[in-house]
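Structural overview
What follows is the residue order along each chain.
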Amino acid sequence: MNQTNSQFENHRWSENLLMKIYKEKDHGSAYVAQRLADVISEKQKAGKKAILGMATGSTPKGVYRELIRLHRDEGLSFKNVHTFNLDEYYRMLPENVMSYNTFMKEHLFDHIDIPAENTNIINGDLELEEIENHCAEFEKKIYDLGGIDIQLLGIGRSGHIGFNEPGSATDSRTRLVNLCEITRNDAISDFNGLENVPTQAITMGVRTILDAKEIIMIAWGNKKSEIVQKTFTGEISADVPATYLLTHPKVEVILDHESSAFCNKMLPM
Ligand code: F6R
């Protein structure tokens, strides 16, 4: 089922995977925000909690801006929402300006009515011997709430989802990982020099991500076109952990013209 609209093209990549290619990334972000809002509203009507998996970085910023607008202008409430973030740098104080804790407050949580106790972000400031327990508790909390309804993902140029770098096993769970060179290099400007970029992070595992009932992966811009092509035209393998998404029953991939450049040669437009 391939469909064209003035704003986007839909490509049914496989039975389980829908690819949407947007002319403008703002339109793509608005679409994703609306998908999340729909899950929240549906759950609200049923008197249930909505469990959302959140990403950080530059990719989801437009989605969060639109969610804030939906809250401010259209009365979308987040009182029934529980969030779990994909990852946090290690070692990193939650209150550090570079932490993903700070990112989420700045870009979303401080602007909506989500109860602070409903937001779950891994603590990057633990002693090594505390990490295993913390990760197990994080996983248990997700499980006890009935699992993640919809997980938002970006993709790293290394092919990572969360911080599951090449070599990550398909059955991996939340754990401490080493960041690969591509990932650390991409963070140089944020951290003002490679020497300041953390070498490690704590991330949800591949299996934790794949356990989500639905997944939306977003990639914007030229910088991501090569890894997006590798992900969707190569073998499913630990070399590109994002390829594991092809094994999930319900995935949407949201691209813009630049990140989907390879499609121009492959798909009927
Ligand atoms: C962030 C995360 C990462 C990023 C990816 C893309 O929580 O888990 O996988 O989604 O590194 O980062 P940006 O969006 O900055 O290009």
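Report on the accompanying structure. (Residues numbered from 1 in each chain as written. Predicted model: local features only at pLDDT ≥ 70, side-chain atom pairs only at ≥ 80, totals over all residues. Heavy atoms only, no water.)

**With respect to the environment of Phe-262**
So the rule is basically this: Helix and strand assignments come from DSSP, with helices taken as H or I runs of at least 4 residues and strands as E runs of at least 2, each series counted from the N terminus.
On the secondary structure map, Phe-262 appears in the loop between β12 (251–256) and α9 (263–266). In the structure, Phe-262 is positioned 34 residues away from Val-228 in sequence and 8.4 Å away in space, judged by C-alpha atoms.

**Focus: the site of the ligand**
Put simply, the rule is: For this description, a residue counts as near a given molecule or strand if any of its non-hydrogen atoms is within 4 Å of it. The definition of a polar contact used here is a pair of N or O atoms within 3.5 Å, where within protein one atom must be able to donate a hydrogen and the other to accept one, and adjacent residues in sequence count solely through side-chain atom pairs. Reported accessibility uses the Shrake-Rupley method at a 1.4 Å probe radius. Residues are deemed covered only where the shown protein chains occlude them. For each structure, a 1 Å grid was placed over the protein atoms alone; sets of points admitting a 1.4 Å probe that cannot get out are labelled cavities, open sets with protein on both sides within 12 Å along at least five of seven lines are labelled pockets, and lining residues have an atom within 4 Å of a point. More than half of a molecule's atoms lying within 2 Å of a cavity's or pocket's grid points is what places that molecule inside it. We call Asp, Glu, Lys and Arg charged. Ala, Val, Leu, Ile, Met, Phe, Trp, Tyr, Cys and Pro are nonpolar, and the rest, Gly among them, are polar.
Close contacts around the ligand come from 13 residues, with Thr-56, Thr-59, Asp-87, His-160 and Lys-224 the closest. Contact between the ligand and Ser-58: an oxygen atom at 2.9 Å from a main-chain N or O atom of the residue. Side-chain polar atom of Thr-59 to an oxygen atom of the ligand: 2.4 Å apart, as the coordinates give it. Contact with the protein chains removes 86% of the 410 Å² of surface that the ligand exposes when unbound. Because more than half of its atoms lie within 2 Å of the grid, the ligand is assigned to the largest pocket. Its residues placed into classes, the shell around the ligand shows 3 nonpolar, 8 polar and 2 charged.

**Topic: the sheet that holds strand β10 (residues 200–203)**
Our working rule: In this description, strands pair whenever DSSP reports at least two bridges between them. Helix axes use the C-alpha atoms of the stretch in contact, all axes being lines fitted to C-alpha atoms, and the angles between their N-to-C directions lie in the range 0 to 180 degrees.
Spatial strand order, β6-β10-β9: 3 strands in an open sheet with antiparallel pairing. The open sheet terminates on both sides in strands that have one partner only, identified here as β6 (87–90) and β9 (175–178). Looking at each pair of strands side by side, their axes are set apart by 30° on average, direction ignored. One ladder, built from 4 bridges, connects β6 with β10; its direction is antiparallel. Within the sheet, the bridge partner assigned to Asp-87 lies in β10 and is Thr-203.

**A few points about helix α3 (residues 100–107)**
The line we're drawing: Here's how the labels work: a residue is buried when its accessible area is under 20% of the maximum for its type, exposed when over 50%, partly exposed in between, all with a 1.4 Å probe on protein chains only. Only heavy atoms matter for contacts: two residues are in contact if any of them lie within 4.5 Å across the pair.
Taken as a whole, α3 has its buried residues at Tyr-100, Asn-101, Thr-102, Phe-103 and Met-104. Residues of α3 that are buried sit in contact with β4 (50–54), α2 (61–74), β5 (81–85) and β6. The N-cap residue of α3 is Ser-99: its side-chain oxygen and the backbone nitrogen of Asn-101 are 3.3 Å apart.

**As for the sheet that holds strand β1 (residues 3–4)**
Reading across the sheet, the 9 strands line up as β1-β2-β3-β12-β11-β8-β4-β5-β7 and stay open at both edges, with mixed pairing between neighbours. The open sheet is flanked by β1 and β7 (119–120), the only strands paired with a single partner. Across 2 bridges, the pairing between β1 and strand β2 (residues 8–14) is antiparallel. Each bridged residue has a counterpart across the sheet, and for Thr-4 the counterpart in β2 is Glu-9.

**What to know about helix α4 (residues 128–144)**
For the record, the criterion: Working rule for helices: expected span equals 1.5 Å times residues minus one. Think of it as the arc spanned by the lines of direction from the helix axis to the C-beta atoms.
An ideal rise of 1.5 Å per residue puts 24 Å on 17 residues; α4 measures up with 25 Å between its terminal C-alpha atoms. Burial in α4 covers these residues: Ile-131, Cys-135, Phe-138, Glu-139 and Ile-142. Down the axis of α4, the buried side of the element spans an arc of 90°, and every buried residue falls inside it. Set apart from the buried face of α4 by more than 90 degrees, the exposed residues are Glu-129, Asn-133, Glu-137, Tyr-143 and Asp-144. On the buried face of α4, the contacting elements are β5, β6, β7, β9, β10 and α7 (206–210). Directly after α4, the chain includes Gly-146, whose backbone phi takes a positive value near 95°.

**Re the pattern of salt bridges**
As a working rule, side chains carrying opposite charge can pair if their charged atoms are close by. Our working rule: We count a salt bridge whenever a side-chain nitrogen from Lys or Arg sits within 4 Å of a carboxyl oxygen from Asp or Glu.
For the structure on display, the rule yields 15 salt bridges. A salt bridge links Glu-252 to Arg-35; the nearest nitrogen and oxygen atoms lie 3.1 Å apart. Note that Glu-252 is positioned in strand β12 and Arg-35 in helix α1 (residues 25–45), a separation of 217 residues in sequence. The exposure class assigned to Glu-252 is buried, which follows from its relative accessible area of 11%. The partner of Asp-149 in a salt bridge is Lys-43, and the shortest N-O contact between them spans 3.5 Å. A residue pair is termed long-range when its members are at least 10 positions apart, and Asp-149 in the loop between α4 and β8 (150–153) and Lys-43 in helix α1 qualify at 106 residues. Residue class for Asp-149 comes out buried when judged on its relative accessible area of 7%. A relative accessible area of 21% means that Lys-43 is categorised as partly exposed. Within this structure, Glu-66, Arg-69, Arg-72, Asp-73 and Glu-74 form a network of salt bridges that share partners.

In short, geometric facts, not functional conclusions.
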